Amino acid sequence: MEKKIKIGNRYIGEGEKNFIVAEVSANHLQDYNRAEAIIRAAKEAGADAVKLQTYTPDTITLDCDNDYFQITQGTIWDGTTLHKLYETAYTPWEWQPKLMKLANELGMECFSSPFDDTAVDFMQKMNMPAYKVASFEINDIPLIRKIARIGKPVILATGIAYLEDLERALRVCKEEGNQQVILLKCTSAYPSPYEDMNLKVIPNMAQVFDCITGLSDHSMGTAAAVASVALGAKMIEKHFTLSRADGGPDAAFSMEPGEFKQMVSDIRIVEKALGRVTYELTDKQQKSREDGRSLFVVKDMKAGEAFTKENVRSIRPAFGMHTMYYNEILGKKAKTDISRGTPLDWKYID
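In this report, we go over the structure that sits alongside the text. Position numbers for residues start from 1 in each chain and track the written sequence from start to end. Only residues with pLDDT of at least 70 are given local features in this predicted model, and only at 80 or more are side-chain atom pairs given and counted; all residues enter the totals for whole chains, interfaces and linings. Excluded from the side-chain calculation are hydrogens and water; included are all heavy atoms of the structure.

Considering the pattern of salt bridges
Pairing between side chains of opposite charge can happen when the charged atoms of each approach one another.
No. 1: Just to be clear on terms, a salt bridge is a Lys or Arg side-chain nitrogen sitting within 4 Å of an Asp or Glu carboxyl oxygen. Counted according to the given criterion, the structure contains 19 salt bridges.
No. 2: Where E176 meets R145, a salt bridge forms, and the shortest distance between an N and an O atom there is 2.8 Å. Here E176, found in the loop between α7 (163-175) and β8 (181-186), pairs with R145, found in helix α6 (residues 141-150); they are 31 residues apart in sequence, far enough to count as distant.
No. 3: Exposure is judged per residue with a 1.4 Å probe applied to protein chains only, and the accessible area is read against the type maximum: over 50% gives exposed, under 20% gives buried, and values in between give partly exposed. Under the relative-accessibility criterion, E176 is labelled partly exposed at 23%.
No. 4: With relative accessibility at 24%, the residue R145 sits in the partly exposed group.
No. 5: Across the salt bridge formed by D165 and R168, the nearest N and O atoms sit 3.2 Å from each other. Of this pair, D165 and R168 both sit in helix α7, three residues apart, which is roughly one turn of the helix. Strands here mean DSSP runs of E at least two residues long; helices mean DSSP runs of H or I at least four residues long; both are numbered from the N terminus.

Below you can see the structure in the form of structure tokens.
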């Protein structure tokens, strides 16, 4: 897989800043003006991109009330049907070109998750720069094949995937000649319990599948996202809302603007602090070595007097002889008189 991928005008991969995505999802509450406000707030909070979801209730499921379509998996949406949930959650398609235009004008990328063939075609007409395959679509092989064939970056969420599901999805992308794949560690629980997140999978996926990895984070707070960057994540996705108190299907596990801004700030700090593998010292660190330890004469000495533990010590600062010679010089004689506070040097030793 490619080690550096371009989404719109942004490069993602080694040596690049983390690509931080605000997921709009259902937080617009079916209000176009609110959708625009979310995008503007995401820009203000430091997002590199906003993500939409492209489906209608009828393209993602059936309007059916039998037991198969009831939500009963112990989620925050239990007690309704899939179709009824998606009626409240979907983003009207006529909004999406306008929202993408706004995001681009603000200097952000905009892409989406398609949930069927018609959504892929719609996104292609919009010339969206990437395609996100949601966790629950990881087994929709015809959908993944159609997306991969376009040749744009493919982002795969791993929320409900077994290892063989990931292998199959990646194999399909390769078969279609698409090596631009990003794997996002994801925990499909809303919100995600920290103990179920297993962030150590992020570097493991990068190694096993030789690809760029990141985190699609449904947990509360900033800690998991920031930690994942230290583990090698190159892309972070978080659900974003103006206020959780406003409600909506995704509100309970979405970030507010102030929290998102803090997360971005913390991630940028971690990126700087991670640096590179080096044992070289900066100019400042080299200067600081002057405050290290070395051998000093700590009592006035006469010529011919022996060096002992009483008149030579390892102390700060570091202008004297290296401490590794301490045992070697004990018992030797002073060539000249030496005053207290003199850094020891071979020229003083007979």
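Focus on the environment of Y190
No. 1: By the element assignment, Y190 lies in the loop between β8 and α8 (201-209).
No. 2: Spatially, the C-alpha atoms of Y190 and H218 are 6.0 Å apart, while their sequence positions differ by 28 residues.
No. 3: Setting aside residues up to four positions removed in sequence, Y190 forms contacts with I76, W77, F136, H218 and F253. We call two residues in contact when some of their heavy atoms are within 4.5 Å.

Here we look at helix α3 (residues 82-89)
No. 1: Buried within α3 are the following residues: H83, L85, Y86 and A89. Projection of α3 onto a plane perpendicular to its axis shows the buried side chains occupying an angular sector of 160°, all on one side.
No. 2: Looking at the buried residues of α3, the elements they touch are α2 (57-60). Think of it as the arc spanned by the lines of direction from the helix axis to the C-beta atoms.

Topic: α7
No. 1: Here α7 is 13 residues long and its end C-alpha atoms lie 18 Å apart, about the 18 Å a rise of 1.5 Å per residue gives.
No. 2: Tucked inside the fold, the buried residues of α7 contact α6, β7 (154-157), β8 and α8.
No. 3: At the exit of α7 stands G177, carrying a positive phi of roughly 75°. In a helix, the anticipated span is given by 1.5 Å times the number of residues less one.

Some thoughts on the packing of aromatic side chains
No. 1: Aromatic pairs are defined between Phe, Tyr and Trp rings, using the six-membered ring for Trp, whenever the two ring centres lie within 6.5 Å; interplanar angles under 30 degrees are classed as stacked, those over 60 as edge-to-face, and all others as tilted. For the coordinates displayed, the defined rule picks out nine aromatic pairs.
No. 2: Measuring from ring centre to ring centre gives 5.4 Å for Y55 and Y86, while their planes differ by 75°; the resulting arrangement is edge-to-face. With Y55 in the loop between β4 (49-54) and α2 and Y86 in helix α3, this residue pair connects regions lying 31 residues apart in the sequence.
No. 3: Owing to a relative accessible area of 3%, Y55 belongs among the buried residues under this scheme.
No. 4: Aromatic pair Y55 and F115: ring centres 5.2 Å apart, planes at 80°, arrangement edge-to-face. Note that Y55 is positioned in the loop between β4 and α2 and F115 in the loop between β5 (109-114) and α5 (117-126), a separation of 60 residues in sequence. Each member of the pair, Y55 together with F115, is buried.
No. 5: Ring-pair connections join several aromatic residues into one group, and the members of that group are Y55, Y86 and F115.
No. 6: A ring is scored as having a charge over it whenever the NZ atom of a lysine or the CZ atom of an arginine sits within 6 Å of its centre and within 35 degrees of its normal. A cation over a ring is seen here: K98 above Y32, with NZ or CZ 4.5 Å from the ring centre.

A few points about the pairing of β8
No. 1: Taking burial as the measure, the six residues of β8 include six buried ones, the bulk of the element.
No. 2: Of the two faces of β8, the one holding V181, L183 and K185 and the one holding I182, L184 and C186 are both buried throughout.
No. 3: For two strands to be treated as a pair, DSSP must find no fewer than two bridges joining them. When β7 meets β8, the two strands line up parallel, connected through four bridges. Bridge assignment links I155 to a residue of β8, and that residue is I182.
No. 4: For crossovers, right-handed means that the path from the first strand over the helix to the second runs clockwise, given strands pointing away from the viewer. In terms of handedness, the path from β7 via α7 over to β8 forms a crossover that is right-handed.
No. 5: Two elements, β8 and strand β9 (residues 212-217), share five bridges in a ladder whose sense is parallel.

Description of a negative patch on the surface
No. 1: To count toward a patch, a residue needs a relative accessible area over 30% and no salt bridge; like charges are then connected within 9 Å, while nonpolar side chains (Val, Leu, Ile, Met, Phe, Trp, Tyr) are connected within 5 Å. Methods summary: accessible areas were calculated by the Shrake-Rupley approach with a probe of 1.4 Å, and residue burial reflects only the protein chains presented. Lys and Arg are tallied as positive, Asp and Glu as negative. Neither His nor the chain termini are counted. To locate a charge, take atom NZ for lysine, CZ for arginine, CG for aspartate or CD for glutamate. On the surface, a cluster of negative charge is contributed by D58, D63, D65 and E87.
No. 2: For D65, the location among the structural elements is in the loop between α2 and α3.

Describing the packing of helix α9 (residues 223-230) against helix α10 (residues 257-274)
No. 1: Across the interface, α9 lies against α10 with an axial gap of 9 Å and an inter-helix angle of 20°. Taken together, the axes of α9 and α10 lie roughly parallel to each other. Between α9 and α10 lies a crossing of right-handed hand. Residues A225, V226, V229 and A230 of α9 form the contact with α10, whose own contacting residues are M263, D266, I267, V270, E271 and L274.
No. 2: Gly falls in the polar group here, along with every residue not listed as nonpolar (Ala, Val, Leu, Ile, Met, Phe, Trp, Tyr, Cys, Pro) or charged (Asp, Glu, Lys, Arg). By residue class, the composition of the contact of α9 with α10 is eight nonpolar, no polar and two charged. Note on definitions: angles span 0 to 180 degrees between N-to-C directions of axes, and those axes are lines fitted to C-alpha atoms, for helices only across the stretch in contact. Small angles under 35 degrees read as roughly parallel and large ones over 145 as roughly antiparallel, with 65 to 115 read as roughly perpendicular and the rest as oblique. Take the far helix as the reference: if the near one is turned anticlockwise from it by less than a right angle, the crossing is left-handed, and if turned clockwise, right-handed.

Taken by themselves, the reported measurements are silent on function.
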